[in-house]
Amino acid sequence: DQQVKQNSPSLSVQEGRISILNCDYTNSMFDYFLWYKKYPAEGPTFLISISSIKDKNEDGRFTVFLNKSAKHLSLHIVPSQPGDSAVYFCAASEGGTYKYIFGTGTRLKVLA
Amino acid sequence: GAGVSQSPSNKVTEKGKDVELRCDPISGHTALYWYRQSLGQGLEFLIYFQGNSAPDKSGLPSDRFSAERTGGSVSTLTIQRTQQEDSAVYLCASSLRRDNSPLHFGNGTRLTVT
């Protein structure tokens, strides 16, 4: 059973527009969420995180929103740039534990 | 400072052979993880080390897989009698502490079993 789901395997966005990547989870005990970006032949790079005590966290062009009642989080990138083209993974962990469960990723392509 | 280092970056091996994959975590990071990513899949948890505690091996897919971490630093993942389904990218990550701490990944080892 996939506890963390990224239902869109791919997404294309025009440069300068907003990219919205979505992630759903099933375990209501998850309370810490992260987004990673992965380029080909490289390891995932940490982007931004959010704790369940918040519903929004912002870092530059990246904002993560958390809707606990819907068990849904999203990553907004604005404005999108061609260098943002990569695979994005969301991950979640349960309070006080170390095991991060990852989604299957969404491939973002930002068109120049 | 240096990030997580993994070697080799690529490994091609024949079915039935043993392989060893190495990970050097970030200095001072007490937690070390192994994940693997098979083609078209997400990151699958394999094993976790934290300090001197017993590792969590719950993600290892079979008894052909084992890992150790020497001196709380370098880790080696060993796959015995490799099978074609073991082909994947094996990723090592470290983090500063046990929880609510982002993982820092190496670039992975791409294993191909022929």
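Details of the structure are given in the entry above.
In this text the structure is predicted, and so the values were computed from the model without any measurement.

Basis of the calculations
Residues numbered from 1 in each chain as written. Chains lettered and ligands numbered in written order. Predicted model: local features only at pLDDT ≥ 70, side-chain atom pairs only at ≥ 80, totals over all residues. Heavy atoms only, no water. 1 Å grid on protein atoms, 1.4 Å probe; cavity = no way out; pocket = protein on both sides within 12 Å on 5 of 7 lines; lining within 4 Å. Points joined across faces, edges and corners; volume = space filled by probe spheres on them. Helix = DSSP H or I, 4+ residues; strand = E, 2+ residues; numbered from the N terminus. Nonpolar A, V, L, I, M, F, W, Y, C, P; charged D, E, K, R; others polar. Core = buried A, V, L, I, M, F, W, Y, C linked by side-chain atoms within 4.5 Å. Buried < 20%, exposed > 50% of the residue type's maximum accessible area, 1.4 Å probe, protein only. Contact = heavy atoms within 4.5 Å. Pairing = 2+ DSSP bridges. Axes fitted to C-alpha atoms, helices over the stretch in contact; angles between N-to-C directions. Disulfide = S-S within 2.5 Å. Phe/Tyr/Trp six-rings, centres within 6.5 Å; stacked < 30°, edge-to-face > 60°.

Visitor: Sorry, what's going on with the layout of surface pockets here?
Guide: With a probe scaled to a water molecule rolled over the atoms, the places where space remains empty come into view. When its volume is computed, the largest pocket comes out at roughly 550 Å³. If you go around the largest pocket, you meet 26 residues; those closest to its centre are Arg107 of chain A together with Gln37, Ser38, Leu39 and Gly40 of chain B. Sorting the residues of the lining of the largest pocket by element identifies β9 (86–94) and β11 (106–111) of chain A together with β8 (88–95) and β10 (109–113) of chain B as the ones contributing at least two each. Residue composition of the lining of the largest pocket, grouped by class: 11 nonpolar, 12 polar and three charged.

Visitor: Where do I start with the nonpolar core in this structure?
Guide: The nonpolar side chains of a soluble globular protein tend to be buried with one another. All names here are of chain A. Core analysis: the biggest nonpolar cluster contains 23 residues, and Phe33, Trp35, Leu73, Leu75 and Tyr88 have the highest contact counts within it. Take this core: its biggest share by element is four residues, from β9. When near neighbours in sequence (up to four residues on either side) are disregarded, Tyr88 contacts Gln6, Leu21, Trp35, Tyr36, Lys37, Leu47, Leu75, Ile77, Gly105, Thr106 and Leu108.

Visitor: Teacher, can you tell me more about the sheet that holds strand β7 (residues 75–79) of chain B here?
Guide: Sheets are built from strands paired through backbone hydrogen bonds, the pairs being either parallel or antiparallel. Residues and elements named next belong to chain B. Read from one edge to the other, the open sheet built from four strands follows the order β1-β3-β7-β6, with strand pairing classed as antiparallel. The strands lining the two open edges of the sheet, one partner per strand, are β1 (5–7) and β6 (65–69). When strand polarity is set aside, the average angle formed by the axes of neighbouring strands in this sheet is 15°. When strand β3 (residues 19–24) meets β7, the two strands line up antiparallel, connected through five bridges. In the sheet register, Arg22 faces β7, and the bridge partner there is Thr76.

Visitor: Where do I start with the state of the cysteines in this structure?
Guide: When the sulfur atoms of two cysteines share a covalent bond, that bond is a disulfide. Per the stated rule, a full pass over the model turns up two disulfides over all chains. Between the sulfur atoms of Cys23 of chain A and its disulfide partner Cys90 of chain A the distance amounts to 1.9 Å. Between Cys23 of chain A and Cys90 of chain A, the S-S torsion sits near 65°, and that sign places the bridge as right-handed. One end of the pair, Cys23 of chain A, is in strand β3 (residues 19–25); the other, Cys90 of chain A, is in strand β9, with 67 residues separating them in the sequence. By relative accessible area, which is 1% here, Cys23 of chain A ends up buried. Among the residues examined, Cys90 of chain A registers a relative accessible area of 1% and is labelled buried. At a sulfur-sulfur separation of 1.9 Å, the disulfide partner of Cys23 of chain B is Cys92 of chain B. On the sign convention where negative means left-handed, the S-S torsion of about -65° between Cys23 of chain B and Cys92 of chain B marks this disulfide as left-handed. Here Cys23 of chain B is found in strand β3, whereas its partner Cys92 of chain B is found in strand β8, with 69 residues between them in sequence. Since its relative accessible area comes to 0%, Cys92 of chain B is described here as buried.

Visitor: Would you take a moment to explain the pairing of β3 of chain A for this structure?
Guide: Residue and element names in this part refer to chain A. Along β3, the buried face is formed by Ser19, Leu21, Cys23 and Tyr25; none of Ile20, Asn22 and Asp24, which line the opposite face, is buried. Sheet topology places strand β1 (residues 4–5) next to β3; two bridges connect them, and they run antiparallel. Bridging from a neighbouring strand, Lys5 pairs with Asp24 of β3. Across six bridges, β3 lies against strand β8 (residues 72–77) in antiparallel orientation. Bridging across to β8, Asn22 finds its partner in Ser74.

Visitor: Looking at this structure, I do not really get the packing of aromatic side chains. What am I missing?
Guide: For any pair of aromatic rings, geometry is given as the distance between the ring centres together with the angle between the planes. Applying the stated criterion to the full structure yields 13 aromatic pairs over all chains. Here the aromatic rings of Phe102 of chain A and Phe105 of chain B are separated by 6.0 Å at their centres, their planes lie at 75°, and the arrangement is edge-to-face. Of the two residues, Phe102 of chain A is situated in strand β10 (residues 101–102) and Phe105 of chain B in strand β9 (residues 104–105); the pairing between them involves two chains. For the pair formed by Phe102 of chain A and Phe105 of chain B, the shared burial category is buried. Judged by centre distance (5.8 Å) and plane angle (75°), the ring pair of Tyr35 of chain B and Phe45 of chain B falls under edge-to-face. With a gap of 10 residues between them, Tyr35 of chain B in strand β4 (residues 31–37) and Phe45 of chain B in strand β5 (residues 43–50) connect regions that are remote in the sequence. This pair shows no difference in class: Tyr35 of chain B is buried, exactly as Phe45 of chain B is. Counting every residue linked through ring pairs, the aromatic cluster contains Tyr32, Tyr36, Phe46, Tyr100 and Phe102 of chain A together with Tyr33, Tyr35, Phe45, Tyr48 and Phe105 of chain B.

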